[in-house]
Amino acid sequence: MRSIPVPLEANAYDIVVGSHILSKLGAKLKNLKIGKDAVIITNPAIRKYHGKALISGLKKSGFSVKILEVPAGERSKSAKVAFRLIEQIARYDELKKVFIIAFGGGVVGDLAGYVAAAYKRGIPYVQVPTTLLAQVDSAIGGKVAVDLAFGKNLIGAFYQPRLVWSDVSLLSTLTGRQVRNGLAEVVKYGVIRDAKFFKYVNKNCKKLLALDPKSLVHVVEHSSRIKRDVVVADERETRGIRTVLNFGHTIGHAIETAGKYNQYHHGEAVALGMRVAAHISYQKKMCRLTDVAVLDDMLSSLALPQRISNVKVSDILRIMKHDKKFLSGCNRFVLMSGIGKVKVLENISLAVIEKAIKAYQ
Ligand SMILES: NC(=O)c1ccc[n+]([C@@H]2O[C@H](COP(=O)([O-])OP(=O)(O)OC[C@H]3O[C@@H](n4cnc5c(N)ncnc54)[C@H](O)[C@@H]3O)[C@@H](O)[C@H]2O)c1
Ligand SMILES: [Zn+2]
């Protein structure tokens, strides 16, 4: 079990990473003194696979437990579901001092975090992420949100959890596609901050895809450290430092949207976005063609998409052009200067972007 401190001035907490550590969560929560009554927000599938282990551990440590389920899928990240949960918690909370446990992937984490931030102007919450994407990314950093019909994450807050508890044994029930989805974000961390870590992932692709616990603990721990460093340097995204986490995301989001969110999962679209961003970096003479090839090969070894298919280049460009930042004429891209280092560049011409996208058609 590894503990990674997140030393935020007013909101310090730990990220704990390990394998088969769910039973130890109760003891840690006792030390945190955040209340005796746990409200677990989860979905039926996650509860079915892993609910018993979580609940029995908490009860053994003397916590009372209430479970609130939401349907699986992004549609649960809505104001309607959030307010329904808040009402359920308020009714239950009358004689109690509750805290929330977000037990799920990024959807549950963002939703439960938002509920915790809004109810009574903020009650304590804990992230117990159950997807690889959530363990390496969404559970860390305190961005919580629900969606509106015309845009993702439009109602939200910065609200830090009191603990992140990442148990890689929970990942055993994920589909291969969900695992690869999270691995795309892992690759991103290597590219933006750490060539040595990139090499480790490259060497251990097969083990990671086979969910080898030791390799998983290593990548979740290391990714968490990199995200922690960025978040600590720029907690509320006011210093421009958090921008580096968007490597591959400008194009990735446009691909996701052009595919109407059903062609590509987020990580798959980001993988394509990273390929395109690397190609733009090469065109701007920031890196060598061999760097682009190394990234391409690595993403292919992880069986992440190699080509942008079923999505029109014209749609991707149209979506990017409609982006407010593009209209004002100063688009910003996180580009790589070799593996392990990135720089933000502004005003990339559409011709350069189009050429890079077409290289992966
Ligand atoms: N807050 C942030 O900083 C941040 C960062 C990145 C992404 N996000 C958000 O995260 C969300 C995507 O998260 P996600 O990729 O984890 O998707 P998700 O939460 O929808 O989970 C994917 C699927 O896996 C299932 N699942 C979860 N854990 C499982 C397990 N252990 N075994 C079997 N099935 C399991 C879920 O039921 C779901 O069907 C998006 O809403 C995105 O906006 C937030
Ligand atoms: Zn992402």
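Residues numbered from 1 in each chain as written. Chains lettered and ligands numbered in written order. Predicted model: local features only at pLDDT ≥ 70, side-chain atom pairs only at ≥ 80, totals over all residues. Heavy atoms only, no water.

1. Notes on the environment of Lys30
Counted only if it meets this: In this description a helix means any DSSP run of H or I spanning at least four residues, a strand means any run of E spanning at least two, and both kinds are numbered starting from the N terminus. In what follows, a contact means two residues having at least one pair of non-hydrogen atoms within 4.5 Å.
Topologically, Lys30 is positioned in helix α1 (residues 25–32). Between the alpha carbons of Lys30 and Ser61 there is a distance of 7.6 Å; along the sequence they are 31 residues apart. Leave out the neighbours within four places in its chain, and Lys30 touches Ser61 and Phe63.

2. A few points about the coordination of the zinc ion (ligand 2)
Spelled out, the test is: Atoms of type N, O and S within 2.8 Å of a metal are treated as its donors, and for Na, K and Ca the window is 3.2 Å; water is not considered, so some sites may appear to be missing partners. Categorising residues by exposure relies on relative accessible area from a 1.4 Å probe, with only protein chains included: less than 20% of the type maximum marks a residue as buried, more than 50% marks it as exposed, and the intermediate range marks it as partly exposed.
Within the protein, Glu185 (OE), His249 (NE2) and His266 (NE2) serve as the donor atoms for the zinc ion (ligand 2), at 2.0 to 2.1 Å. Spacing between the donor residues of the zinc ion (ligand 2) along the chain follows E-x63-H-x16-H. A residue pair is termed long-range when its members are at least 10 positions apart, and His249 in helix α10 (residues 249–258) and His266 in helix α11 (residues 266–283) qualify at 17 residues. Take His266: its relative accessible area is 22%, and that puts it in the partly exposed class.

3. Structural notes on the domain arrangement of the chain
Under the convention used in this document: In this document the domain limits rely on a domain assignment from an automatic tool or a database. Throughout, buried area stands for the accessible area (probe radius 1.4 Å) lost by two parts on being put together, summed over both. For salt bridges, the criterion is a side-chain nitrogen of Lys or Arg within 4 Å of an Asp or Glu carboxyl oxygen. Under the convention adopted here, Pro, Cys and the residues Ala, Val, Leu, Ile, Met, Phe, Trp and Tyr are nonpolar, Asp, Glu, Lys and Arg are charged, and Gly plus all remaining residues are polar.
Structurally, the chain comprises domain 1 (2–172) and domain 2 (177–358). A separation of 27 Å is found between the C-alpha centroids of domain 1 and domain 2. If you look at the interface, domain 1 gives 27 residues, while domain 2 gives 28 residues. For the pairing of domain 1 and domain 2, the buried interface totals around 2400 Å² over both sides, and the portion due to carbon and sulfur atoms is 67%. Scanning the region where domain 1 abuts domain 2 turns up three salt bridges. Salt-bridge contacts for Lys227 lead to Asp137; the nearest nitrogen and oxygen are separated by 2.8 Å. Residue assignment for the side of domain 1 that touches domain 2 shows that the elements contributing at least two residues are β1 (2–6), β2 (13–18), α5 (132–138) and β8 (151–158). Split by residue class, the side of domain 1 that touches domain 2 holds 14 nonpolar, nine polar and four charged.

4. Quick word on the sheet that holds strand β3 (residues 37–42)
For sheets, the rule is that strands pair by backbone hydrogen bonds, running either parallel or antiparallel. Selection rule: In this description, strands pair whenever DSSP reports at least two bridges between them. Orientation is described by lines fitted to C-alpha atoms, with helices fitted over the stretch in contact, and by angles between N-to-C directions that extend from 0 to 180 degrees.
Taken in spatial order, the seven strands line up as β1-β2-β9-β6-β5-β3-β4 in an open sheet, and their pairing is mixed. Each edge of the sheet is formed by a strand with only one pairing partner; in this case those strands are β1 and β4 (64–69). Within the sheet, the average angular offset between the axes of one strand and its neighbour, ignoring direction, is 20°. As paired elements, β3 and strand β5 (residues 98–104) share five bridges and run parallel to each other. Bridge pairing links Ile41 to Ala102 in β5. Across the sheet, α1 lies against β2, β5, β6 (125–129) and β9 (163–167), angled at about 170° from β9, the strand it touches most.

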